[in-house]
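Examination of the molecular architecture
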Amino acid sequence: RVKENGKNDYLLHSGDMDHVALHKLTIQHEMRRALLNQEFALFYQPQYDLASGQIVGMEALIRWFHPERGLVPPGDFIPAAEESGIIVPLGDWVIEEACRQNKEWQNQGMPFIPVSVNLSMRQFSQRNLTGKVSDILEQTGLDPRYLELEITESMTMDVDRASQCLKELTDLGVNISIDDFGTGYSSFHYLKNLPIARLKIDRSFVRDIQQDPNDAAIVAAIIAMAHNLQLQVIAEGVETEDQVHFLRSHRCDEMQGYFGSPPLPSDGVLALLREKLNRPALPVHSYIRAS
Ligand code: C2E
Ligand code: MG
Ligand code: MG
Ligand code: MG
């Protein structure tokens, strides 16, 4: 929209700014209310061992059940939560809820399966993060080995700080993974020096693995590199049986994606855990495909 009149242009522009600012204020206000009203919930997406088809992990993914707007996906509010700082109390709640739920399943006699929680930059920058995580583990009674924290490559840019923070967290006994691996700032330096347990290959590389030889080469290289560095490696966004075959043939350890299961509400996960308890592992391709 090109305007001849400079004044109008300014007015329009300032109107847009107000609108953006207002929208931000509204969403911040709504998120605070939502936390108090318990409108947030965690879904869990199972992670499967590619060799055995067993569920070996699950990722906690936040959902917002907004009273008027219905289910709001995290992509629509996590950036605003991050920008405003609300991500800190919200993120605390996520860690606490994931640990509480995991411990509850363990207490119910379900198989012990680690849960992964996404950390945002703001949370990672808090000086008392380790203290908080440690308190939550103590309060919920969850053994730290059943908690994994996911960070992204960009959080490791300040290697000294990241290494200090990750050392404290891994000293507690929790595991660290690198989410969306391959999409951010990547340095071999941090891979070599930081206490990381596994890499999660971003789904953008997995999607066209069958059609795009470059993606196939990248995925194969990430798997090989991870193994040479003694890291576990999991592919994200796996949707087809062909992708499973590719990943298996390249000895990828695990997979997560709609082919195995979409993220599920807690009762859905409980049903899967009961199933796991009651029967031997099935090959991964026999799990239901998401619609
Ligand atoms: P992420 O951590 O990379 O999570 C994986 C996302 O991929 C999830 O989206 C999941 O539903 C989706 N996904 C899983 N399998 C497939 C598949 O086969 N195909 C496709 N197309 N997508 C698949 P979701 O739940 O919408 O979350 C989006 C992002 O929001 C997450 O990406 C994460 O970065 C962020 N997020 C979610 N929950 C939290 C949270 O509690 N805290 C923070 N800080 N960020 C969160
Ligand atoms: Mg993640
Ligand atoms: Mg992510
Ligand atoms: Mg990811």
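The present account deals with the structure reproduced in this document. On a predicted model such as this, the values are computed, not experimentally measured, just so you know.

**What to know about the packing of aromatic side chains**
All chains considered together, the criterion is met by six aromatic pairs. Relative to Phe 77, the ring of Phe 40 has its centre 5.6 Å away and its plane inclined at 45°; by these criteria the two rings are tilted. A residue pair is termed long-range when its members are at least 10 positions apart, and Phe 40 in strand β1 (residues 40-49) and Phe 77 in the loop between β3 (70-72) and α2 (78-84) qualify at 37 residues. Residue class for Phe 40 comes out buried when judged on its relative accessible area of 7%. On the basis of relative accessibility, which here comes to 0%, the residue Phe 77 falls in the buried class. With 5.4 Å between their ring centres and 85° between their planes, Trp 64 and Phe 77 make a pair best called edge-to-face. Highlighted residues: Trp 64 in strand β2 (residues 55-66) and Phe 77 in the loop between β3 and α2, separated in sequence by 13 residues.

**As for the pattern of salt bridges**
Tallied over the entire structure, the rule returns twelve salt bridges. Here Arg 100 and Glu 104 are joined by a salt bridge, their closest N and O atoms 2.7 Å apart. With a gap of four residues between them, Arg 100 and Glu 104 both fall in helix α3 (residues 87-107), about one helical turn apart. The exposure class of Glu 104 is partly exposed, given its relative accessible area of 33%. Note that Arg 207 is salt-bridged to Asp 208, the shortest N-O span being 3.7 Å. Overlapping salt bridges bring together Glu 59, Glu 150 and Lys 200 as one network.

**Describing the pairing of strand β8 (residues 232-235)**
Taken together, the four bridges between strand β7 (residues 198-201) and β8 define a ladder with parallel strand orientation. Within β8, the position partnered with Ile 201 by the bridge is Ala 235. A crossover connection joins β8 to the parallel strand β9 (residues 254-256) through helix α10 (residues 241-249); in handedness this β-α-β unit is right-handed.

**Some points on the pairing of strand β4 (residues 115-118)**
Pairing geometry for β2 and β4, over three bridges, is parallel. Across the sheet, the residue bridging to Met 58 is Val 115, located in β4. Here four bridges tie β4 to strand β5 (residues 147-152), and the two strands are oriented parallel to one another. Considered in β5, the bridge of Asn 118 is made with Glu 150.

**Brief notes about the coordination of the magnesium ion (ligand 4)**
Looking at the magnesium ion (ligand 4), one finds its protein donor set to be Asp 179 (OD), Asp 180 (OD), Glu 236 (OE) and Glu 236 (OE), positioned 2.0 to 2.4 Å from the metal centre. Between the magnesium ion (ligand 4) and the magnesium ion (ligand 2) the interatomic distance amounts to 4.1 Å, and Asp 179 serves as a bridging ligand to the pair. Highlighted residues: Asp 180 in strand β6 (residues 175-181) and Glu 236 in the loop between β8 and α10, separated in sequence by 56 residues. Relative accessible area serves as the criterion here: at 26%, Asp 180 is assigned to the partly exposed category.

**Quick notes on the environment of Glu 150**
Relative to the helices and strands, Glu 150 resides in strand β5. With 49 residues separating them along the chain, Glu 150 and Leu 199 place their C-alpha atoms 9.4 Å apart. Not counting the four nearest positions on each side in its chain, Glu 150 is found in contact with Gln 47, Glu 59, Ser 116, Val 117, Asn 118, Leu 119, Ser 177, Asp 179 and Lys 200. Looking at Glu 150, its side chain comes within polar contact range of the side chain of Lys 200, at 2.7 Å.

**Section: the site of ligand 1**
Around ligand 1 there are 22 residues in total, and Arg 63, Asp 179, Arg 203, Glu 239 and Tyr 258 lie nearest to it. Interatomic distance of 3.0 Å between a side-chain N/O atom of Gln 45 and a nitrogen atom of ligand 1. One of the side-chain nitrogen or oxygen atoms of Asp 180 is found 3.1 Å away from an oxygen atom of ligand 1. Surface burial for ligand 1 is 82%, taken as the share of its 810 Å² of free accessible area covered by protein chains. Breaking the shell around ligand 1 down by element, the ones donating at least two residues are β2, α3 and β6. For the shell around ligand 1, the element with the highest residue contribution is β2, accounting for four residues. Classifying every residue of the shell around ligand 1 by side-chain character gives nine nonpolar, five polar and eight charged.

**Concerning the packing of α3 against helix α5 (residues 129-140)**
Where α3 contacts α5, the two axes come as close as 9 Å, and the packing angle between them is 30°. In terms of orientation, α3 and α5 fall into the roughly parallel class. In this structure, the crossing between α3 and α5 has a hand that is right-handed. Every residue of α5 that contacts α3 at Val 88, Asp 92, Ile 95, Glu 96, Cys 99, Arg 100 and Lys 103 is listed here: Lys 132, Val 133, Ile 136, Leu 137 and Thr 140.

So, how was this worked out
- Residues numbered from 1 in each chain as written.
- Chains lettered and ligands numbered in written order.
- Predicted model: local features only at pLDDT ≥ 70, side-chain atom pairs only at ≥ 80, totals over all residues.
- Heavy atoms only, no water.
- Phe/Tyr/Trp six-rings, centres within 6.5 Å; stacked < 30°, edge-to-face > 60°.
- Helix = DSSP H or I, 4+ residues; strand = E, 2+ residues; numbered from the N terminus.
- Buried < 20%, exposed > 50% of the residue type's maximum accessible area, 1.4 Å probe, protein only.
- Salt bridge = Lys/Arg side-chain N within 4 Å of Asp/Glu carboxyl O.
- Pairing = 2+ DSSP bridges.
- Right-handed = clockwise from strand over helix to strand, strands pointing away.
- Donors = N, O, S within 2.8 Å, 3.2 Å for Na, K, Ca; no water.
- Contact = heavy atoms within 4.5 Å.
- Polar contact = N/O pair within 3.5 Å; in protein donor to acceptor, adjacent residues only side chain to side chain.
- Near = heavy atom within 4 Å.
- Areas by Shrake-Rupley, 256 points an atom, 1.4 Å probe, with all protein chains shown as cover.
- Nonpolar A, V, L, I, M, F, W, Y, C, P; charged D, E, K, R; others polar.
- Axes fitted to C-alpha atoms, helices over the stretch in contact; angles between N-to-C directions.
- Parallel < 35°, antiparallel > 145°, perpendicular 65-115°, else oblique.
- Left-handed = near helix turned anticlockwise from the far one by under 90°.

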